[in-house]
Amino acid sequence: MAFTQLSAQLVDLIAQDLYRTRQIIDSTPGVHVQIAGRQLINFSSNDYLGLANHPQVKQAFKEAVDAFGVGSGAAHLVCGHHRVHHDLENDLAEFTGRERALLFSTGFMANLGIMDALLTRQDRVFEDRLNHASLIDGGLASGARFKRYRHADMADLQRHLLAKTTALNTLVVSDGVFSMDGDGAPLAHLVALATHHQAWLMIDDAHGFGVLGEQGGGIVAQHGFTQQEVPILMATFGKALGTFGAFVAGSETLIDTIIQRARSYIYTTALPPAIAVATRVSLQLMIKDTWRRQKLQTLIAHFREGAEHLGVCLMPSSSAIQPIMVGTNQRALALSAALREQGFWVSAIRPPTVPTHTARLRVTFSALHELAEVDALLAALEKCLINS
Ligand SMILES: *Cc1c(COP(=O)(O)O)cnc(C)c1O
């Protein structure tokens, strides 16, 4: 059996400017990266606070490898649940003001597992259209009746909630900060609607955690919503915390249910304990280093002001994600390539990651960028936009 059909489909992707390639990095992660023998200023990373390469985080990781080895050795429910995993869970529960927290090996698996544990065919789930792929897949895989509501459209969500139903439970799910648009979910409305309709509310704050809120507690903490109001809070370590993995926080019953039922929790190897140790250090830095969040906001404001001055089409975002709407796939790729020529790495985001006709440059900021680098990016953008 040959792959003739598949190779034809690959050729087709190239023709539509939808073919994806990987760039090989030859340096540490950060705002300056080495690619294909060139040093680029990186405006594509999710390492928003610049903690992925932090000396204290690295030191903690190295010492933990000496103390605990490299792999965890097993799944959490077998013999892979180390003391340091437990310590990190306790830190996260305390920091988020939830009864308990539970680690997952990745955010993707957390989202699959949470919905797997909570939902059956007799339930229903409503998701924002622009939710992260892992939330969409989690909802679909759960077997529950699945509906998407228009992005941040609370009237549309309400319409779904009011529909006559025989469903036992209803789950409403939203990104906290939308990963490709950078805008925040209408949290107060979501909480009000979910409460009124006795639905569970789940927020995935992968991009808000560490960035928003005085101590980096994310969009939920920024608005002061408690476990009662946002009963299922999920976030990841691979973004602002600069490490790897994810957690869900909530009530004793929620966490216990997930441990008993989530297949992506039960049937997978636990995170390396050294990652848990590094994440604990990273979490403390995240909380303590308020300057990182302030610096980010300064960079973001500076960029938005400069971009508006250039007449660039920005989106309503106050997060570290500042996309520039471009439209066609071809133009997004061309602009990304032109910026790269000038020494900047800004990735082009195309369907199916974003809806068709909304290809964009996804500019992201790190607390380690300098204002001068933002100015240089703006100057390069101006040049590219004139030429395109
Ligand atoms: C990155 C991301 C995930 C997946 O997390 P990983 O740990 O990278 O698997 C889930 N949800 C959102 C919103 C994300 O941005």
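Residues numbered from 1 in each chain as written. Predicted model: local features only at pLDDT ≥ 70, side-chain atom pairs only at ≥ 80, totals over all residues. Heavy atoms only, no water.

(A) How the structure looks around the sheet that holds strand β1 (residues 32-35). Spatially, three strands are ordered β1-β2-β11 in an open sheet, and the strand pairing comes out mixed. Only two strands of the sheet have a single neighbouring strand rather than two, namely β1 and β11 (344-345). In terms of strand pairing, β1 meets strand β2 (residues 38-42) through four bridges, oriented antiparallel. Across the sheet, the residue bridging to valine 33 is leucine 40, located in β2. (Pairing = 2+ DSSP bridges. Helix = DSSP H or I, 4+ residues; strand = E, 2+ residues; numbered from the N terminus.)

(B) Here's a closer look at the domain arrangement of the chain. Per the domain assignment, the segments of the chain are domain 1 (23-49 + 290-387) and domain 2 (55-288). Placing a centre on the C-alpha atoms of domain 1 and another on those of domain 2 gives a separation of 27 Å. The interface is formed by 22 residues belonging to domain 1 together with 22 residues belonging to domain 2. The junction of domain 1 with domain 2 conceals about 1,600 Å² of combined surface from both sides, 57% of it contributed by carbon and sulfur atoms. It is Tyr48, Leu49 and Arg293 in domain 1 that bury the most area against domain 2; as a group they hold 30% of the surface buried on that side. Across the pair arginine 360 and aspartate 181 runs a salt bridge whose closest N-O atoms are separated by 2.8 Å. (Domains from an automatic or database assignment. Contact = heavy atoms within 4.5 Å. Buried area = accessible area lost by both parts, 1.4 Å probe. Salt bridge = Lys/Arg side-chain N within 4 Å of Asp/Glu carboxyl O.)

(C) Quick peek at the pattern of salt bridges. Following the criterion strictly, the structure yields nine salt bridges and no others. The partner of aspartate 156 in a salt bridge is arginine 159, and the shortest N-O contact between them spans 2.7 Å. Pair noted here: aspartate 156 and arginine 159 are both in helix α7 (residues 154-162), with a separation of three residues, about one helical turn. Its relative accessible area of 51% is what places arginine 159 among the exposed residues. Members of the salt-bridge network, linked through shared partners, are Asp87, Asp91 and Arg280. (Buried < 20%, exposed > 50% of the residue type's maximum accessible area, 1.4 Å probe, protein only.)

(D) View of the state of the cysteines. By the definition in use, this model includes zero disulfides. Here cysteine 313 stays unpaired: no disulfide links it, and the sulfur of cysteine 384, its closest cysteine neighbor, is 17 Å away. What makes cysteine 313 partly exposed here is its relative accessible area of 46%. (Disulfide = S-S within 2.5 Å.)

(E) Main features of the site of the ligand. Neighbouring the ligand are 14 residues; Gly107, Phe108, Asp204, His207 and Lys239 lie closest to it. Taking glycine 107, its main chain carries an N or O atom lying 2.7 Å from an oxygen atom of the ligand. In the model, an oxygen atom of the ligand is placed 3.0 Å from a nitrogen or oxygen of the phenylalanine 108 main chain. Here the ligand has 380 Å² of accessible area as a free molecule, and 83% of this is covered by the chains. The residue inventory of the shell around the ligand, partitioned by class, reads two nonpolar, nine polar and three charged. (Near = heavy atom within 4 Å. Polar contact = N/O pair within 3.5 Å; in protein donor to acceptor, adjacent residues only side chain to side chain. Areas by Shrake-Rupley, 256 points an atom, 1.4 Å probe, with all protein chains shown as cover. Nonpolar A, V, L, I, M, F, W, Y, C, P; charged D, E, K, R; others polar.)

(F) Seen up close, the pairing of strand β4 (residues 124-128). Most of β4 is tucked away: five of the five residues are buried. In this sheet, strand β5 (residues 145-149) lies alongside β4 in parallel orientation, the contact comprising five bridges. Bridging across to β5, phenylalanine 126 finds its partner in lysine 147. For the segment spanning β4, helix α6 (residues 133-141) and β5, crossover handedness is right-handed. (Right-handed = clockwise from strand over helix to strand, strands pointing away.)

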